[in-house]
Each structure stands twice: as structure tokens, then as C-alpha cells.
Amino acid sequence: MRILAIIPAYNEARNITAVIEDLKCFSGDILVVNDGSTDDTAAVAKGLGAEVVSHPFNLGIGGTVQTGLRYAYEHGYDMAIQFDGDGQHRGDQIFKIVELVQRGEADLVIGSRTLPGGYKMGITRFIGSRIFHCLIRCLAGKAIHDPTSGFRCYGKQTIRLFSRFYTDDYPEVESIITAARNGLRVVEVPVLMRGRLSGHSSITRRKSAYYMLKVTLAMVVDAMRGRDLVGES
Amino acid sequence: MDLTKIASLGLSVGIFCFVVWLVRERRLREKYALLWLCTSVFVILLTVSRRILEVAALGIGIYYPPSLLFLVGVLFLLLVAIGHSVTLSRLSESNHNLAQEVALLRKQVEDLKDLQKGDKL
């Protein structure tokens, strides 16, 4: 099975070396999607032997992950892993999220911090996650405890679906609904994560109200869409 | 003809000509110009004959005819604004797709170049 690790990176020149080093134990290919960085993220990643795709300007995390998934789709990969460029995700945890997809028992696996054995998160993020948790349970009939986690493994069907339909901003929660409502099997597994090495999270306190509203609206609208996206060619 | 009528007529004919001129200069697409031309024709008609406005207003139960004008104006602007939001969404969608396509194609070109270099060595 061919696996691609997708690393979305925006101005992560300081972290990217450690992230790629961390992926040494990973046997697949590594693709860094450089989202219009103004530092030398792309050059550093290329120097370390990773494949690099660079956006001409900043598209946001959703567009960046989608570019990676489009690459995976066009190159016929069987699985894709989303692995953040800021150093929060651990290479030694990949086997946990890959396993179920590899065995053909899941189409989208989310590496979760809140299940037993995971890490603690901040209080605001915890409350937000709980609200999304309830919404997802209502709209997709699934219990996902850490819906904002960006540590994920996509199976072939999911790669195909998301290479066509994926949101620009704040895609994590919405994509769970999209996948579940299109008949894909979404599973959550506990993983260990690190705190971020350097730089700041894309979700600031000021933005979080907008984040909640936007994602809620997107999820409700998504739930009103048809379900036959996977079947389409 | 009273002064307000002349001013109103002058203004709407002016807008009509301005829109035609914009299209002629290729600064405005025909698709969008159509909407504005219809509006100015509508306003010209109302100016020329007050009867139309009065009959239309009383017909739908508005007793002060000029307020029909305001109502229609606000509704029209609302529609234009929504239309622009839709256009904007479509444009940002294609912009997004183009950026991804450019990124993937650039990567392909680089890969091909590397391959070529390898052949020559």
C-alpha cells in the first residue's frame, strides 16, 4: 500500500526540520504543502528530501490539505496522512491511525487527544470540542470526542471525496460530517501529542466565536446536502 | 413639465448613457449591464408618466406613491448585493481551484525538469 504523509505548512521553517526528522520512522512518501509561506519553508523541506508543492498565495488550512489530497488522488495513493507542520503530531503515533484504514475497517481515522491515553487541552478548546461533539452526534450519528484534531488518516474513498469537496477555513469538524453522511466509516483512535514547538495556533481567542458560528452553519448546511457524492465519478 | 421631472429624467437618461458607455469601453460586462439598463428604463418610464406609479402604488395598497419607489429601490439594491455575493463566492472558488492547480502543475514541471536532468547525466 502506498501512503502519503501530507504536511500543511505556513511559515514553519523553524519547525519543519524537526517534523520531517520525526517522520524518519514512516515508510511512505512525504509531501509538504507550502501555503504561500513568506519564509524559506519550501527550501528547507526540499533540502531534507521531501516533495514540496507551493501555493502561489495563502489559501488557508483547508485548501492546503485539499491540495495534498488532490496530489494523493492524482498519484494513486491508497492512503494519506495529515501531519501538522508545527510539531504537535508525533511520528511514532502514525501506526495507530493507519492500522484501521490499512485493514479496510475505516475510511477516515482521527487521532484523538481526549480519549483515554490522550493529552489534556485548554478549557476554551474543551468547551468548543464538547459543543461540536454534540452537534456531530446529532447530524452524523457519530461520537467524536476530538473533532478539531488535524492528525488524520484518509482512505482511498475519502481521498477521492475530499479532493473534490473540502472547506477552505476550519475544515476539521465539517469534514467529519461530510464523510459520515457520504457513507464513509469515521473512527477515532487515541494518540499521544506534543505541545506546539513554536509559532501560534491559527485559532485565536478573537476568532473562536466566528469559528464556532461558521462551523455550526457549515455543518447544518452540509447535513442538508445530498449523500451521493461518493458514488459520483 | 416641472423642474423635478426634468431633473429626474436627465439623471436616468444620464445613467443609461453612462452604462452603455461603460460597456462600450469594456469596463462593464453586458451580463451585468442588462440589470442597470432595465433599472434606468424603469425609472425613465416612471418619470415620464406619473400615472404608472400612482396606479401601481394604489394597486398594491400603498397610499403615498413615492414610497413605492423607495421600496422598489431597496429591493433592487438587495437583489444586486446578493447577486454580487454569489458572484464573489463563485470567483473565490475558482481562484482557490486555480491556486491548487498552479501548485500541482508547478510541481509536475519541476519533477519533469529533474527527470530530464537525470537523463542527460
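Remember, it's a predicted structure, so these values are computed and weren't measured experimentally. (Residues numbered from 1 in each chain as written. Chains lettered and ligands numbered in written order. Predicted model: local features only at pLDDT ≥ 70, side-chain atom pairs only at ≥ 80, totals over all residues. Heavy atoms only, no water.)

1. Description of the environment of Thr87 of chain B
Residue and element names in this part refer to chain B. Counted only if it meets this: Helix and strand definitions follow DSSP, with helices as H or I runs of at least four residues and strands as E runs of at least two, each counted in order from the N terminus. Pairing of N or O atoms within 3.5 Å defines a polar contact, subject to two protein rules: one partner must be a possible hydrogen donor and the other a possible acceptor, and residues neighboring in sequence count only if both atoms are side-chain atoms.
Tracing the backbone shows Thr87 in helix 4 (residues 65–120). Each C-alpha atom, one on Thr87 and one on Pro65, is 34 Å from the other, the two residues being 22 residues apart in sequence. A distance of 2.9 Å separates the side chain of Thr87 from the backbone oxygen of Gly83, its partner in a polar contact.

2. A word on the interface of chain A and chain B
The cut-off we apply is this: Note on definitions: a residue-residue contact is assigned when non-hydrogen atoms from the two residues lie within 4.5 Å. Take the accessible area each of two parts loses on contact, using a 1.4 Å probe, and add the two losses: that sum is the buried area. Any carboxyl oxygen of Asp or Glu that lies within 4 Å of a side-chain nitrogen of Lys or Arg is treated as forming a salt bridge with it. The classification used treats Ala, Val, Leu, Ile, Met, Phe, Trp, Tyr, Cys and Pro as nonpolar, Asp, Glu, Lys and Arg as charged, and all other residues, Gly among them, as polar.
Counting residues at the interface gives 17 residues for chain A and 13 residues for chain B. Overall, the association of chain A and chain B removes approximately 1300 Å² of surface from exposure, summing both partners, and the carbon and sulfur fraction of that is 53%. Of all residues in chain A, Pro56, Leu59 and Arg70 of chain A give up the largest surface area on contact with chain B, accounting jointly for 33% of the area buried on that side. Taken together, the links from chain A to chain B amount to three salt bridges. Two residues, Lys107 of chain B and Glu51 of chain A, come together in a salt bridge whose shortest N-O distance is 2.3 Å. Viewed at the interface, chain B and chain A are joined by nine residue pairs in polar contact (both at pLDDT 80 or more). When contributions to the side of chain A that touches chain B are tallied by element, the ones reaching two or more residues are strand 3 (51–54) and helix 3 (61–74) of chain A. It is helix 3 of chain A that provides the largest number of residues to the side of chain A that touches chain B, a total of six residues. Grouping the constituent residues of the side of chain A that touches chain B by class yields seven nonpolar, five polar and five charged.

3. Concerning the pairing of strand 2 (residues 29–34) of chain A
Residues and elements named next belong to chain A. As a reminder of what qualifies: Burial status follows relative accessibility: with a 1.4 Å probe on protein chains alone, a residue under 20% of its type maximum counts as buried, one over 50% as exposed, and anything between as partly exposed. Orient the strands so they point away from the viewer, and a crossover whose first-strand-to-second-strand path over the helix runs clockwise is right-handed. DSSP bridges decide pairing: two strands pair if at least two such bridges lie between them.
Most of strand 2 is tucked away, with five of its six residues classed as buried. In this view, the connection linking strand 1 (residues 3–9) to its parallel neighbour strand 2 by way of helix 1 (residues 13–22) has right-handed handedness. The pairing of strand 2 with strand 3 spans four bridges and is classified as parallel. Along strand 3, the bridge assignment pairs Val33 with Val53. Taken together, strand 2, helix 2 (residues 41–47) and strand 3 form a β-α-β motif whose crossover is right-handed.

4. Considering the UniProt feature "transmembrane region" (unreviewed entry) in chain B
Residues and elements named next belong to chain B. Here is the rule: UniProt positions are given in the numbering used here, feature names are shortened, and annotations may be inferred rather than shown by experiment.
When the UniProt feature table is mapped onto this chain, "transmembrane region" (unreviewed entry) is found at residues 6–23, 32–50 and 62–82. Span residues 6–23 is 100% helix and 0% strand, its end C-alpha atoms 26 Å apart. From the first C-alpha to the last, residues 62–82 spans 26 Å; its make-up is 86% helix and 0% strand.

5. Thoughts on the packing of aromatic side chains
The criterion, for reference: Side-chain rings of Phe, Tyr and Trp (the six-membered ring for Trp) are treated as a pair once their centres are within 6.5 Å; stacked means planes under 30 degrees apart, edge-to-face means over 60, and tilted covers the remaining angles.
Following the criterion strictly, the structure yields six aromatic pairs over all chains and no others. Between Phe83 of chain A and Phe151 of chain A, the ring centres sit 5.8 Å apart and the planes meet at 70°, which makes this aromatic pair edge-to-face. Of the two residues, Phe83 of chain A sits in the loop between strand 4 (79–82) and helix 4 (94–102) while Phe151 of chain A sits in the loop between helix 5 (123–140) and strand 6 (152–154), which places them 68 residues apart along the sequence. Here Trp36 of chain B and Phe76 of chain B contribute two aromatic rings whose centre-to-centre distance is 5.4 Å and whose plane-to-plane angle is 80°, an arrangement assigned as edge-to-face. Taken as a pair, Trp36 of chain B in helix 2 (residues 30–48) and Phe76 of chain B in helix 4 lie far apart in primary sequence, 40 residues in all. Look at Trp36 of chain B and you get partly exposed, because its relative accessible area is 30%. In textbook terms, an aromatic cluster arises when at least three aromatic residues are bridged by ring pairs, as seen for Tyr154, Phe162 and Tyr166 of chain A.

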